[in-house]
Structure formats: C-alpha cells, structure tokens
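# Commentary on secondary and tertiary structure
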Amino acid sequence: MSAVAAALRLEDLAVDPYPHLAELRSRGAAVWAPNLGMWVVAGYDDAVSVLRDPARFTNDSPKSLIQATFGRQMLSVEGEEQKRHKQACLAPFTGKASRDVWQPRVDRLCGELLEAREKATEGGTVEVDLMADYAAPIALETMGIVVGLPSEDLARVRAWYEVLARSLANFEGDADVHRAGQEAAAAMREYLAERLDGQRPAGETGHGTLLEVLSGPGGTLARSEVLANLLIVLFGGIETTESMIGNALHYLLSEPGLLTATLDSRNQGEAAFLAAIEDVMEESLRYDPAVQTLTRHTTSAVRIGGTEIAAGQTVQCMIGGANRDPAVFERSDRFEPGRANVRKHLAFGLGNHFCLGAQLARAETRSALRALLERWPRVELDRASSSPPYGHEFRKPGRLVLRQKV
Ligand code: HEM
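As the structure is a computational prediction, the values presented were derived from the model and not from experiment.

Looking now at the overall build of the protein. Regarding its fold elements, the protein presents 17 helices and 11 strands. Taking 2.2 N^0.38 as the reference for a compact globule, 406 residues should give roughly 22 Å; the C-alpha atoms of the protein span a radius of gyration of 21 Å, in line with that estimate. Of all 406 residues assigned to the protein, the portion counted as buried reaches 53%. Excluding contacts between residues fewer than 6 apart, the proportion of contacts in the protein whose partners are at least 24 apart in sequence is 71%. When the accessible surface of the protein is split by element, carbon and sulfur atoms take 52% of a total near 17,400 Å².

Here it is as structure tokens:
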C-alpha cells in the first residue's frame with residue numbers, strides 16, 4: 001500500500017485532484033486506497049486496458065449502486081445484452097440527429113435564455129450566473145426535448161434527479177438516503193411509464209424523441225428494460241452536461257487571452273470561429289472532465305501492470321488522471337486548445353460503454369459558447385463572485401457570474 005493512497009481523501013480530490021492523481025500515476029498501475037475501499041487507476045494506458053476488457057472488469061455487478069437503483073440498463077450490463085439495450089436507444093443520439101435535429105432547437109433555447117436575462121435587466125447591465133441561469137437550464141431543457149417530456153414537468157424531473165444523485169453518492173450506506181433514492185426512482189419510473197403509454201411511435205426517419213423511438217412496434221426491450229434505460233439516459237444527461245458546459249465556459253472566460261483569441265477568430269470567418277469554439281470545448285473535456293471516475297468490478301483475479309488484484313474488487317479509473325498523463329498529452333498540465341491528439345481524452349469513457357450522449361452534449365456546449373459570444377461579445381467574468389470547477393465525481397463551477405452592459 002502506498003502512503004499517498006492511504007492519504008487520498010475525497011475532499012482533496014474535489015478541490016484540485018490533479019497533483020494527487022499525478023502522484024498516484026507515479027506510484028504504479030493500480031494503487032489500493034484503503035479509505036475508499038477500492039483500487040485506483042490514474043494512468044492513461046492502464047485505464048484504457050481496464051475499459052477495453054469488460055470480461056474481466058465489468059459493470060454488471062451486485063455491488064453496483066447504479067444497477068441497484070435503476071435496474072438492468074445499458075450502463076449496468078455487458079456483452080450482447082448491453083448491445084441490445086444501447087442499440088434500442090441510439091437513434092436520437094447519433095451525431096447526425098444531434099447536429100441536424102437537436103442542434104437548431106438548442107441554438108434557439110440558448111438565445112431565448114440570454115434574451116430572457118436581458119429583458120429582466122434594469123439600468124442597462126445584465127447580471128447572470130451562467131451556471132444557474134444558462135448551463136443548468138440548457139442541460140435540463142435539452143433532455144426534456146430529446147426524451148420527449150413537456151417543459152412544465154422538468155422541475156419535477158430535476159427534483160427527482162437531486163435525490164437520486166445523493167443516493168448514488170451514499171457510500172456510507174445511510175438507510176434514509178438509500179430509501180429516498182429508491183422512492184425517487186420508483187416515482188420517476190411511474191411517471192415515465194405514463195408518458196410512454198401516451199406516445200405515438202417515431203416515423204420512418206427514426207428522428208423522433210427517445211420516448212417515441214422506444215414506444216415503436218417490434219422493440220427489442222421488455223417494458224421494464226425500456227423504463228430502466230429511460231431512467232439512466234435522463235440521469236446521465238442532466239448534471240453531466242451542465243458541468244461540461246460550465247467547465248468550458250469557465251476556461252473560456254478565465255484562461256489568459258483565450259476569450260480575446262476566440263472572439264478574434266471571427267475575423268477569419270464563421271468556420272474559424274466554430275473551430276476555435278470546438279478547440280476550447282475539447283481541451284476543457286481533456287483538462288478538467290466533468291465526470292471524473294469510471295467504476296468497474298473484477299470478475300476474476302487480474303493484473304493491471306505489475307499489480308495483482310483479486311476477484312470481486314472495485315477498480316476506479318480516474319479520468320482526470322488519464323487525461324493529464326504526460327506520456328500521452330505533452331505539457332499535460334497546461335490548457336492548450338488545438339492539441340492534435342486532444343480527442344484521445346477519456347472524458348466520455350471508452351469501449352462498449354462510451355457515452356451515449358457524447359455528440360448531443362457536444363452540440364449543447366457548442367451552442368452555449370457560440371450564442372453567448374455572439375450575443376454578448378464583451379462579456380467579463382466577475383471573478384470575486386465566481387468559483388472554479390469543484391467535485392471529485394461530477395466536477396463543475398459553483399457560480400460563473402457575468403456582468404454585461406446591453
Ligand atoms: C446528452 C447528455 C448525455 C446523455 C444522455 C448521457 C448518457 C449516457 C449513458 C446512457 C451512458 C451509458 C452508456 C453505456 O453504458 O453504453 C453514458 C456513459 C458515459 N457518459 Fe454520458 N451522457 C451525457 C453526457 C455526458 C457528459 C457531458 C459526460 C462528461 C463530460 C458524460 C460522461 C460519460 C461517461 C464517462 C460514460 C461512461 C461510463 C462508464 O463507462 O462507466 N456523459 N452516458
């Protein structure tokens with residue numbers, strides 16, 4: 001056991017995980033963290049070897065809190081069963097659907113949110129917390145649009161989400177928190193079942209909402225599987241995307257010279273501006289990923305590098321550690337938009353469980369950055385009232401306060 005692992009505390013990881021992850025990387029392929037009760041993998045190649053080997057590092061385990069809460073759905077099963085679940089949900093989340101069907105809706109939504117803040121202004125200065133007033137509603141409303149839920153139901157969905165998130169982080173096993181989580185999952189399942197029953201199936205294009213796609217004839221999923229997948233998709237797309245948008249905005253507005261350079265790219269035309277936004281988004285996914293951990297369970301005695309691990313152990317792949325591995329990313333601790341190999345980052349995972357919503361989340365973040373810069377090009381972050389990304393599991397800024405003359 002290494003001293004650093006013994007000292008690994010979630011609070012330290014929440015504030016600034018990267019020095020701790022660098023130290024873990026230097027200690028070996030997999031390090032036992034006794035106060036977390038699991039093995040921690042912080043190097044890029046080692047994380048990849050775990051994620052590419054679902055036969056030995058599985059998500060399908062009775063130890064999985066996600067499986068216990070949501071039931072069997074794509075994230076908690078493996079092999080053919082996993083392919084069947086994921087394939088059934090895929091149509092609304094392809095790159096094409098994200099770009100052609102949802103992106104214009106999200107563009108409109110971003111514009112409306114900014115306009116609403118302008119209208120609420122008195123005296124010519126808008127004050128906005130980009131987390132609460134922009135990133136959070138973009139993520140929630142978009143999930144509503146893509147899943148097919150009415151806007152007026154989304155406050156309820158968000159409230160259930162909060163209870164579920166607390167329950168999934170309940171490593172101490174508090175019985176009340178666990179019960180509240182089970183109740184929220186049951187209420188949400190009942191709500192989604194009602195919505196499903198009132199659905200018309202998607203047309204030939206397959207470009208319907210997730211509810212439409214899943215209610216189509218000849219589906220390959222049982223009703224309980226449909227509901228479990230609806231739950232995991234909704235759960236997976238809310239705080240993750242809010243955090244991804246928030247982190248990208250944080251770096252865009254606080255890295256020296258980056259805002260000016262991104263705005264200046266507009267002088268070279270629309271394509272250059274979009275490329276600059278893409279570079280900021282992708283580098284922020286590498287540099288400070290919104291989801292920090294990927295959990296797997298060993299099915300047999302295994303080796304990671306030189307480390308032996310028994311069957312039935314929990315292995316935590318630290319995405320932030322892999323994304324800052326200097327063996328893969330040069331000057332890995334520097335925020336450098338435009339890296340040639342940036343897309344090797346693991347922010348959306350890897351292998352069979354690669355994020356279903358990656359292209360949609362990218363579409364949302366692109367829209368969010370672009371709409372903000374187009375509408376308010378003279379934005380300035382109020383650093384004193386804002387706070388940087390924080391969190392050991394989901395990582396996002398607490399507040400991102402802007403004041404803007406309109
Ligand atoms: C539209 C928004 C999103 C939706 C609907 C969504 C949904 C999902 C679903 C259903 C899975 C499970 C896929 C499978 O098991 O085959 C997944 C996996 C994953 N998602 Fe997303 N997601 C979204 C956004 C994000 C964002 C913004 C991030 C982080 C930046 C993220 C990170 C991940 C990661 C790391 C995994 C892999 C989990 C694992 O391998 O254990 N997701 N996502």
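What follows concerns unusual backbone geometry. Of note in the backbone geometry, arginine 331 takes a positive phi value of approximately 40 degrees without being a glycine. With respect to the helices and strands, arginine 331 occurs in the loop between helix H16 (319-323) and helix H17 (358-375).

Turning our attention to the sheet that holds strand E5 (residues 293-298). With mixed pairing, 5 strands are arranged side by side in an open sheet as E1-E2-E8-E5-E3. Edge strands, defined here as strands with exactly one partner in the open sheet, are strand E1 (31-33) and strand E3 (57-58). In this structure, E1 lies alongside strand E2 (residues 38-41), joined through 3 bridges in antiparallel fashion. Within E2, the residue paired with valine 31 across the bridge is valine 40.

With that settled, the discussion passes to helix H13 (residues 239-254). Because each turn of an α-helix spans 3.6 residues, side chains separated by three or four positions end up pointing in the same direction. Look at H13: 22 Å from first C-alpha to last across 16 residues, which is about the 22 Å you get at 1.5 Å a residue. Counted residue by residue, H13 has 16 buried out of 16 residues, so it is predominantly covered.

Attention now goes to the state of the cysteines. Under the counting rule described, the total for this entry stands at 0 disulfides. Free cysteine cysteine 110: the closest other cysteine sulfur is in cysteine 355, separated by 18 Å. Lacking any disulfide linkage, cysteine 317 is separated from the closest cysteine sulfur, that of cysteine 355, by 16 Å.

A few words now on the packing of aromatic side chains. Under the definition given, this model contains 9 aromatic pairs. Ring centres 5.6 Å apart and planes at 45 degrees place the aromatic pair tryptophan 160 and tyrosine 191 in the tilted group. Within this pair, whereas tryptophan 160 is found in helix H9 (residues 154-168), its partner tyrosine 191 is found in helix H10 (residues 175-197), the two being separated by 31 residues in sequence. Overall, tryptophan 160 belongs to the buried group, its relative accessible area being 13%. Ring centres of tyrosine 251 and tyrosine 287 lie 5.3 Å apart, and the angle between their planes is 85 degrees; this geometry places the pair in the edge-to-face category. Highlighted residues: tyrosine 251 in helix H13 and tyrosine 287 in helix H15 (residues 270-287), separated in sequence by 36 residues. Classification of tyrosine 251 by relative accessible area gives buried; the value is 8%.

A lone protein donor contacts the iron atom of the ligand, and this donor is Cys355 (SG), found at 2.3 Å. For cysteine 355, the location among the structural elements is in the loop between H16 and H17.

Attention shifts here to the site of the ligand. As a matter of local geometry, the ligand sits amid 31 residues, with Gln82, Lys86, Arg296, His353 and Cys355 nearest to it. In the environment of the ligand, an oxygen atom lies 3.3 Å from a nitrogen or oxygen atom belonging to the backbone of methionine 74. Of all the elements in the fold, those that place two or more residues in the shell around the ligand are helix H6 (79-89), helix H12 (223-237), H13, E5 and H17. In terms of residue class, the shell around the ligand is built from 18 nonpolar, 10 polar and 3 charged.

Okay, the nonpolar core next. Core analysis: the largest hydrophobic core is formed by 40 residues, its most contacted members being Leu149, Val157 and Leu230. Contributing elements (two or more residues each) for this core: H6, helix H7 (95-119), helix H8 (130-147), H9, H10, helix H11 (210-214) and H12. Broken down by element, the residue count for this core peaks at 8 residues, all from H12. Once residues within four sequence positions are removed from consideration, leucine 230 is found in contact with Val147, Leu192, Leu196, Leu210, Leu211 and Leu214. Counting 36 residues, the second largest nonpolar core, distinct from the first, contains Val128, Met131, Tyr251 and Val379.

Right, let's get into the pairing of strand E8 (residues 314-318). By the criterion of burial, E8 is predominantly enclosed, with 5 of the 5 residues buried. Alternating residues of E8 divide into Thr314, Gln316 and Met318 and Val315 and Cys317, and every residue in both groups is buried. Both E2 and E8 contribute to a ladder of 3 bridges, which runs parallel. Paired with tryptophan 39 across the bridge in E8 is valine 315. Of the strand pairs in this sheet, E5 and E8 are connected by 5 bridges, and their pairing is antiparallel. Within the sheet, the bridge partner assigned to threonine 293 lies in E8 and is methionine 318.

Now for the environment of threonine 262. Summarising the element assignment, threonine 262 is placed in helix H14 (residues 258-264). Taking the relative accessible area as the measure of exposure, threonine 262 reaches 2% and is therefore buried. For threonine 262 and alanine 272, which are 10 residues apart along the polypeptide, the C-alpha to C-alpha distance reads 9.1 Å.

On to the side chain of glutamine 103. If you trace the backbone, glutamine 103 turns up in helix H7. On the basis of relative accessible area, glutamine 103 is assigned to the buried category, the value being 12%. Those residues in contact with glutamine 103 that lie beyond four places of it in its chain are Ser98, Ala363, Arg366 and Ser367.

Parameters and conventions
Residues numbered from 1 in each chain as written. Predicted model: local features only at pLDDT ≥ 70, side-chain atom pairs only at ≥ 80, totals over all residues. Heavy atoms only, no water. Helix = DSSP H or I, 4+ residues; strand = E, 2+ residues; numbered from the N terminus. Rg over C-alpha atoms; globule rule 2.2 N^0.38 Å. Buried < 20%, exposed > 50% of the residue type's maximum accessible area, 1.4 Å probe, protein only. Contact = heavy atoms within 4.5 Å. Areas by Shrake-Rupley, 256 points an atom, 1.4 Å probe, with all protein chains shown as cover. Pairing = 2+ DSSP bridges. Expected span 1.5 Å × (residues − 1). Disulfide = S-S within 2.5 Å. Phe/Tyr/Trp six-rings, centres within 6.5 Å; stacked < 30°, edge-to-face > 60°. Donors = N, O, S within 2.8 Å, 3.2 Å for Na, K, Ca; no water. Near = heavy atom within 4 Å. Polar contact = N/O pair within 3.5 Å; in protein donor to acceptor, adjacent residues only side chain to side chain. Nonpolar A, V, L, I, M, F, W, Y, C, P; charged D, E, K, R; others polar. Core = buried A, V, L, I, M, F, W, Y, C linked by side-chain atoms within 4.5 Å.

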